[in-house]
Amino acid sequence: MQLHDLRPAEGSTHARKRIGRGNSSGHGTTAGRGTKGQLSRAGGGKGAGFEGGQQPLAMRLPKLPGFKNHNRVEYAPVNVERLEGLYEAGETVDGASLKAKGVIKHDYIPVKVLGDGELTKALTVKVDKVSASAKAKIEAAGGKVEPAC
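A short tour of the structure in this document, coming up. (Residues numbered from 1 in each chain as written. Predicted model: local features only at pLDDT ≥ 70, side-chain atom pairs only at ≥ 80, totals over all residues. Heavy atoms only, no water.)

Observations regarding the pattern of salt bridges
Moving on, step 1. Taken as a whole and assessed by the stated rule, the structure comprises 4 salt bridges.
Moving on, step 2. For Arg60, the salt bridge goes to Glu51, with nearest N and O atoms at 3.3 Å.
Moving on, step 3. One salt bridge in this structure joins Glu146 and Lys126, with 3.5 Å as the shortest N-O distance. Of this pair, Glu146 sits in strand S6 (residues 144–147) while Lys126 sits in strand S4 (residues 124–127); the two residues are 20 residues apart in sequence, bridging distant segments of the chain.
Moving on, step 4. Here Glu146 falls in the partly exposed class, since its relative accessible area comes to 26%.
Moving on, step 5. Connected through shared salt-bridge partners, Lys126, Lys144 and Glu146 make up one network. (Salt bridge = Lys/Arg side-chain N within 4 Å of Asp/Glu carboxyl O. Helix = DSSP H or I, 4+ residues; strand = E, 2+ residues; numbered from the N terminus. Buried < 20%, exposed > 50% of the residue type's maximum accessible area, 1.4 Å probe, protein only.)

So, the environment of Glu10
Moving on, step 1. Counting through the fold element by element, Glu10 comes out in the segment before helix H1 (57–60).
Moving on, step 2. Placed 121 residues apart in sequence, Glu10 and Ser131 show a C-alpha to C-alpha distance of 74 Å.

A few points about unusual backbone geometry
Moving on, step 1. For Ala31, which is not a glycine, the phi torsion comes out positive at approximately 55 degrees.
Moving on, step 2. Mapped onto the elements of the fold, Ala31 is located in the segment before H1.

Thoughts on the sheet that holds S4
Hydrogen bonding along the main chain pairs the strands of a sheet, whether they run parallel or antiparallel.
Moving on, step 1. If you walk across this open sheet you meet the 3 strands as S2-S4-S6, and the pairing is parallel. Two strands bound the open sheet, and with one partner strand each, they are strand S2 (92–93) and S6.
Moving on, step 2. Pairing geometry for S4 and S6, over 4 bridges, is parallel. Residue pairing across strands places Val125 opposite Val145, the latter belonging to S6. (Pairing = 2+ DSSP bridges.)

Quick word on a nonpolar patch on the surface
Moving on, step 1. A cluster of nonpolar residues, Met1, Leu3 and Leu6, forms a patch on the protein surface that exposes about 430 Å² of accessible area.
Moving on, step 2. Turning to its location among the elements, Met1 is positioned in the segment before H1.
Moving on, step 3. Overall, Met1 belongs to the exposed group, its relative accessible area being 82%. (Patch = residues over 30% accessible without salt bridge, like charges linked within 9 Å, V, L, I, M, F, W, Y side chains within 5 Å. Areas by Shrake-Rupley, 256 points an atom, 1.4 Å probe, with all protein chains shown as cover.)

Considering the packing of aromatic side chains
Moving on, step 1. Following the criterion strictly, the structure yields 0 aromatic pairs and no others.
Moving on, step 2. Lying across the ring of Tyr87, Lys101 places its NZ or CZ 4.8 Å from the centre. (Phe/Tyr/Trp six-rings, centres within 6.5 Å; stacked < 30°, edge-to-face > 60°. Lys NZ or Arg CZ within 6 Å of the ring centre and 35° of its normal.)

A short note on the sheet that holds strand S3 (residues 111–114)
Moving on, step 1. Pairing in this open sheet of 3 strands is parallel, and the strands run S1-S3-S5 from one edge to the other. Edge positions in the sheet fall to strand S1 (76–79) and strand S5 (129–130), since each has one partner strand and no second.
Moving on, step 2. Pairing between S3 and S5: 2 bridges, direction parallel. Within S5, the position partnered with Val113 by the bridge is Val130.

Section: the pairing of S3
Moving on, step 1. The two faces of S3 differ: Val111 and Val113 on one face are buried, but Lys112 and Leu114 on the other face are not.
Moving on, step 2. The sheet contact formed by S1 and S3 spans 4 bridges and is parallel. Among the inter-strand pairings, Val78 is bridged to a residue of S3, identified as Val113.

Now the structure itself:
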């Protein structure tokens, strides 16, 4: 058997009903829509989601309150404990080095260093934001916090 020998099973396929092609076709004049009424008209019928006059489901469901601030800046959080394990003393922590070490996915996302964990190495931190507790721990370890370039 070859690909060109394959055929659908007998009786499993039907010819397309070609409506509105003259009365001799059996589907002319009203083209199977019956006579008059909403469904016989072009564009007739109810819209999607119409439930016969009952309150539609989309209108019955509760809506979310408030609004979404489109100017909100989402920071990628990094704890000082993570920096302790990834960096050697004297290294600089910035977006590019964090991306290179696989801590963040993209270096264009703003980073905020948070103060969870302990830090014993002196690091130079150049990120977008640093929490007060993280800044205290970095400076206590002999490091410094500089603004991001």
